[in-house]
Amino acid sequence: MKMLFLLMGLFLLGSSEGVLAKSLTLKPKFLFQFGKQGSNKGEFVGPKDVAIDLSDRIYVLDEKRIQVFVSNGIYLAEFSSTNFVRPYALAIGRLGNIYVTDIEANCVHVFNKDFQYMQKFGSTGNGEGELYCPRQIAIGESENVYVVDWHNERVVKFNSVGGFLTNFVFPGSDIWGLAVNPEGVGR
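All figures in this text were calculated on a predicted structure; none of them were measured in a lab.

### Some remarks on the pairing of strand 8 (residues 75-80)
Now for step 1: Of the strand pairs in this sheet, strand 7 (residues 65-69) and strand 8 are connected by five bridges, and their pairing is antiparallel. Across the sheet, arginine 65 pairs through a bridge with serine 80, a residue of strand 8.
Now for step 2: Two successive antiparallel strands, strand 7 and strand 8, enclose a turn made up of five residues, where glycine 73 displays a positive phi of approximately 90 degrees.

Shown next as structure tokens:
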């Protein structure tokens, strides 16, 4: 499994062998690598997704745990939840809350900035506020949460505490990615 993301002008590519950093210049060059394959602190079993908070800390979703690193790749912390069934993707809001989609529990788990489990929202189905295989997640304006509801072929918009706001339906689509700007989707 490979991942890539951007951090302060860096291109980062991750796999179970570690995370490589390259600069985003006309002539990219290797900057640093962190982590390696394994299950100890700072090691990766099967990284699924990466997110960066406003303090430039790097969060790596690795199987059923989330590891946190400072921007130069030094291990800081890790946390998990017994509520995880099959976590898939994560996003971090401006207030520091960490949102994790779970494709088998069909919900979004929420942690606060101190890594304490707060709540989950969403349930299995295709109605308002229900999810069926939630994948990618992004946080937009007013801390609204956007979730790719893969089997229902839509993006579901929730408020910051999990209240349903609306659906964006894409019949016949195979949505694999999602991004929002600070003002919201498509602005």
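### Things to note about the nonpolar core
Now for step 1: Judged by nonpolar contacts, the single largest core of 16 residues is most densely connected at Tyr99, Val108, Phe121, Ile137, Val145, Val147 and Phe158.
Now for step 2: Counting residues per element, the ones that place at least two in this core are strand 9 (87-92), strand 11 (107-111), strand 15 (134-139), strand 16 (145-149) and strand 17 (154-158).
Now for step 3: When residues of this core are assigned to their parent elements, the largest contribution, three residues, is made by strand 9.
Now for step 4: With residues up to four places along the chain from it excluded, the contact list for isoleucine 137 reads Ala89, Leu90, Ala91, Tyr99, Thr101, Val108, Val145, Tyr146, Val147 and Leu178.
Now for step 5: One finds Ala51, Leu90, Ile92 and Val100 within the second-largest nonpolar core, a separate group that totals 13 residues.

Calculation criteria
- Residues numbered from 1 in each chain as written.
- Predicted model: local features only at pLDDT ≥ 70, side-chain atom pairs only at ≥ 80, totals over all residues.
- Heavy atoms only, no water.
- Pairing = 2+ DSSP bridges.
- Helix = DSSP H or I, 4+ residues; strand = E, 2+ residues; numbered from the N terminus.
- Core = buried A, V, L, I, M, F, W, Y, C linked by side-chain atoms within 4.5 Å.
- Buried < 20%, exposed > 50% of the residue type's maximum accessible area, 1.4 Å probe, protein only.
- Contact = heavy atoms within 4.5 Å.

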